[in-house]
Amino acid sequence: MKTVIQIAKLVLGSALFLLGAFFILVHVGRGCSFGGIEKSKGSVPSQPTALSQPQLFDSKKALQSKNIVPLVVIGSGPAGLSAALYGARSSLYTLVFEGRTPGGQLTETTYVENWPGTPKLLGAELINITRKQAERFGAIVIADSIANVDFSQWPFLLKTEEGHELHALSVVIATGAKPRLLNDTRKTPGEKEYWAHGVTTCAVCDAPFYKGKKVVVVGGGDSAVEEATYLTAYAESVIMLVRGPALRAAPAMQARLKEFPKIKVLYNTYIEEIVGDKTLSVTAVKIHNVQEKKSQVLPVAGVFLAIGHHPNSDIFKKWVTTDKEGYITLTSRNQHTNVPGVFAAGDVSDKVYKQAGVASGDGIKAALDAYEFLQAHGYNESFVKQIEKNYFDPHPEADTYKLRKILSVKDFEKLAQEHPLLIVEVGAEHCASCKTLVKTMQSVASQLGEKASFATISLDDSSQELIKRFNLKSVPSLLIFKKEKLSSRYDQQLFSKRELYTMINQLLADA
Ligand code: NDP
């Protein structure tokens, strides 16, 4: 009896298998291209992917849409730029929205030593090279951010911070991650109050403000070790505060610590409070050793946080699935999200490896996935011919305004006397978000003409006298002077062009 049942099961199983195979063949044979679009000879695989949703991917909608982009990459770190490189090289019209920190976290690191084939290169340089490579194949990098998305319709609707609306046929989310703060896990008095006034997450940007001073680095991972070693070139001493009994950094990084006698590591220690003075400068940290159950006050001028990151996935959460920490979940070993046509790459979807090389590999896979998705849905030369007239054209306006350079207090005083409204950006060469702020300022200045004066102070070539005069502790910083007096300042804050334009117009109206 048992054998009869087994045979029956086998026959039934085989029949179902054959039926399934027939069903797949019929569908594969038909394909499910954008309706009515001819496939170009040889360039399009004849089978749709398992993701086909013909009712959603209606070619008529694409043909009727304005501002079409076959591949939009959101983010310009190693994942985004690698996706752009592969997308553009596959002849997809590819736009990259670089976001508020062009180049991402890698631009805030020092040397990268584990990028295969490149023994040692500055993170920012690695980004520049990759960006140029992507641009050489036709990718267009746009100084704007995606503010909002609607993945319930196809083509996907994307809105930028500068107010543009575009329709993407496929999207790669490569928005990376932002640094974690102490307050995210434990309320730490002083962190918010002295943010950008002694508390920071970017040693590469802010280390020069701490020449000859004592600082602490919080964290025990690779980033913390990197920050600590970088700071030794400036600070008098660096104390690493590690909350547990051991470092998490890779053995090679831990070994490097021994080469820096200026660095001391305190284990089992966390910050209870960050203490400062009336001039808004950090003066000390109150720390607590959990093993000895003892607290003490360490006099320091700077607190550098290197305690991990949060994925930048907020604007996508309504549409794509994320885990409880906010990482975008991938459906398999590819870069597919739960929304067909939307892919994710790099730290926004990687909670395990978080390496630049892995992010780059993810980006490559995501672009290949996007290409396959488009082809499987009938994207071909003839379709391109029909839609290319409707492509989104980024039209960068020529920014004609030449920002003044302030090198000394004398330069500053002269400019402030000449213009009742003076707007000054304080930046540094190795600060990616400073470059964004300069671009934003330049664009707004070009729109406003000579109604206000715009200038920059670079940490790399300005005098210590200037740094002291404005109590500068962090970059980027935006200082606004009305009739020679500092009327407001924005430390480590970025603006969209629209925000800055509105703010300055308001100041002009109030004057
Ligand atoms: P990690 O998550 O690796 O390390 C975070 C560190 O911060 C840990 O020591 C953690 O302690 C500590 N920490 C977390 N929260 C707190 C808190 N609230 N208070 C005090 N300490 C805290 O993050 P990283 O940014 O260092 O690295 C992220 C990834 O990037 C890693 O995969 C790393 O390998 C990679 N990376 C690689 C580099 C390179 O190869 N050159 C350079 C920089 C980063 P605990 O261990 O107790 O959890």
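What counts as what
Residues numbered from 1 in each chain as written. Predicted model: local features only at pLDDT ≥ 70, side-chain atom pairs only at ≥ 80, totals over all residues. Heavy atoms only, no water. Helix = DSSP H or I, 4+ residues; strand = E, 2+ residues; numbered from the N terminus. Expected span 1.5 Å × (residues − 1). Pairing = 2+ DSSP bridges. Axes fitted to C-alpha atoms, helices over the stretch in contact; angles between N-to-C directions. pLDDT = per-residue confidence, 0-100. Contact = heavy atoms within 4.5 Å. Salt bridge = Lys/Arg side-chain N within 4 Å of Asp/Glu carboxyl O. Buried < 20%, exposed > 50% of the residue type's maximum accessible area, 1.4 Å probe, protein only. Patch = residues over 30% accessible without salt bridge, like charges linked within 9 Å, V, L, I, M, F, W, Y side chains within 5 Å. Areas by Shrake-Rupley, 256 points an atom, 1.4 Å probe, with all protein chains shown as cover. Lys, Arg positive; Asp, Glu negative; His and termini not counted. Charge placed at Lys NZ, Arg CZ, Asp CG, Glu CD. Phe/Tyr/Trp six-rings, centres within 6.5 Å; stacked < 30°, edge-to-face > 60°. Lys NZ or Arg CZ within 6 Å of the ring centre and 35° of its normal. Disulfide = S-S within 2.5 Å. Arc of directions from axis to C-beta. Core = buried A, V, L, I, M, F, W, Y, C linked by side-chain atoms within 4.5 Å. Parallel < 35°, antiparallel > 145°, perpendicular 65-115°, else oblique. Left-handed = near helix turned anticlockwise from the far one by under 90°. Nonpolar A, V, L, I, M, F, W, Y, C, P; charged D, E, K, R; others polar.

Comments concerning helix 8 (residues 356-376)
Helix length check: helix 8, at 21 residues, gives a terminal C-alpha distance of 30 Å against a target of 30 Å (1.5 Å per residue), a fit within 8%. Just beyond helix 8, the residue with positive phi is Gly378, at close to 90 degrees.

Quick notes on the sheet that holds strand 14 (residues 269-276)
Within a sheet, neighbouring strands are paired by backbone hydrogen bonds and run either parallel or antiparallel to one another. The strand order across the open sheet built from three strands is 14-15-16, with neighbouring strands paired in antiparallel fashion. Here the strands that pair on one side only, and so sit at the sheet edges, are strand 14 and strand 16 (294-299). In this sheet, neighbouring strand axes are inclined to one another by 25 degrees on average, regardless of whether the strands run parallel or antiparallel. The sheet contact formed by strand 14 and strand 15 (residues 282-289) spans seven bridges and is antiparallel. Bridging across to strand 15, Glu273 finds its partner in Lys286.

Observations concerning the confidence of the model for the chain
For the chain, per-residue confidence averages 88 on the pLDDT scale, and residues scoring 70 or more make up 89% of the total. Low pLDDT, under 50, characterises residues 1-5; the stretch is placed with zero contacts to residues that sit more than four places away or in other chains. Across residues 10-52, confidence stays below pLDDT 50; counting only partners more than four residues off in sequence or on other chains, it has 51 contacts.

Let's talk about the pattern of salt bridges
Under the definition given, this model contains 14 salt bridges. A salt bridge links Glu161 to Arg100; its shortest N-O distance comes to 3.1 Å. Of this pair, Glu161 sits in the loop between strand 7 (156-160) and strand 8 (165-173) while Arg100 sits in the loop between strand 2 (94-97) and strand 3 (111-112); the two residues are 61 residues apart in sequence, bridging distant segments of the chain. Take Arg100: its relative accessible area is 26%, and that puts it in the partly exposed class. Notably, a salt bridge pairs Glu499 with Arg100, separated by 3.4 Å at the nearest N-O pair. Here the residue Glu499 occupies a position in helix 13 (residues 497-510), and Arg100 occupies one in the loop between strand 2 and strand 3, the gap between them amounting to 399 residues. The network of salt bridges with common partners includes Glu98, Arg131, Glu135 and Lys439.

Looking at a positive patch on the surface
On the surface, Arg186, Arg243, Arg248 and Lys354 cluster together into a patch of positive charge. Its location among the elements puts Arg186 in the loop between strand 9 (177-179) and strand 10 (199-200).

Here we look at the packing of aromatic side chains
Counted according to the given criterion, the structure contains 12 aromatic pairs. Ring centres of Tyr401 and Phe454 lie 5.6 Å apart, and the angle between their planes is 80 degrees; on these two criteria the pair is classed as edge-to-face. Placement of Tyr401 in the loop between helix 9 (381-387) and strand 20 (404-405) and of Phe454 in strand 22 (residues 453-458) is noted, with a sequence separation of 53 residues between them. Both residues of the pair, Tyr401 and Phe454, belong to the buried class. Judged by centre distance (5.3 Å) and plane angle (85 degrees), the rings of Tyr490 and Phe495 are edge-to-face. Residue classification places Phe495 among the buried residues on the basis of a relative accessible area of 8%. Across the ring face of Tyr111, the terminal group of Lys120 is positioned such that the distance to the ring centre comes to 4.6 Å. Above the plane of the ring of Tyr270 lies Arg186, whose end atom (NZ or CZ) is 3.7 Å from the centre.

Concerning the state of the cysteines
Per the counting criterion, the structure on display carries two disulfides. Each disulfide pairs two cysteine sulfurs, and for Cys202 the partner residue is Cys205, the sulfurs being separated by 2.2 Å. An S-S torsion of about 70 degrees defines the bridge between Cys202 and Cys205 as right-handed. Just as Cys202 is buried, Cys205 falls in that class too. Paired by a disulfide, Cys431 and Cys434 hold their sulfur atoms 2.1 Å apart. Negative torsions about the S-S bond denote left-handed disulfides, and the value of about 90 degrees found for Cys431 with Cys434 makes this one right-handed. Look at Cys431 and you get buried, because its relative accessible area is 0%. Counting its disulfide-bonded cysteines in sequence order, the chain shows a connectivity of 1-2, 3-4.

Regarding helix 13
Residues spaced three or four apart along an α-helix face the same direction, because each turn holds 3.6 residues. Helix length check: helix 13 (14 residues) gives 20 Å between terminal C-alpha atoms against 20 Å at 1.5 Å per residue, within 8%. Listed in full, the buried residues belonging to helix 13 are Leu500, Met503, Ile504 and Leu507. Buried residues along helix 13 cover an arc of 90 degrees about the axis, so they all sit on one side. Opposite its buried face, helix 13 presents the exposed residues Thr502 and Ala509, each directed more than 90 degrees away. Residues of helix 13 that are buried sit in contact with strand 21 (421-427), helix 11 (432-448), strand 22, strand 23 (477-482) and strand 24 (485-491).

Thoughts on the nonpolar core
Residues Phe151, Leu158, Leu169, Val171 and Ile173 are the most contacted members of the largest nonpolar core, which totals 56 residues. Excluding anything up to four places from it in sequence, Leu169 contacts Ala62, Ile68, Val69, Pro70, Trp154, Pro155, Phe156, Phe373, Leu374, Tyr379, Phe383 and Ile387.

With respect to the sheet that holds strand 23
The strand order 20-22-21-23-24 describes an open sheet built from five strands, whose pairing is mixed. The outermost strands of the open sheet, each flanked by one partner alone, are strand 20 and strand 24. Relative to strand 24, strand 23 runs antiparallel, the two being bridged by six bridges. From the neighbouring strand, Phe481 faces strand 24, where its bridge partner is Leu486. Lying over the sheet, helix 10 (residues 409-418) contacts strand 20, strand 21, strand 22 and strand 23, oriented at roughly 150 degrees with respect to strand 21. Across the face of the sheet, helix 13 comes into contact with strand 21, strand 22, strand 23 and strand 24 while running at roughly 15 degrees to strand 23.

Here we look at the packing of helix 11 against helix 13
Running from amino to carboxyl end, helix 11 crosses helix 13 at an angle of 50 degrees, the nearest separation of the two axes being 9 Å. Classified by the angle their axes make, helix 11 and helix 13 are oblique. The chirality of how helix 11 crosses helix 13 is right-handed. Listed contacts from helix 13 to Thr440, Met441, Ser443, Val444, Gln447 and Leu448 of helix 11 are Lys497, Leu500, Tyr501, Ile504, Asn505 and Leu508. Its residues assigned to classes, the contact of helix 11 with helix 13 comprises seven nonpolar, four polar and one charged.

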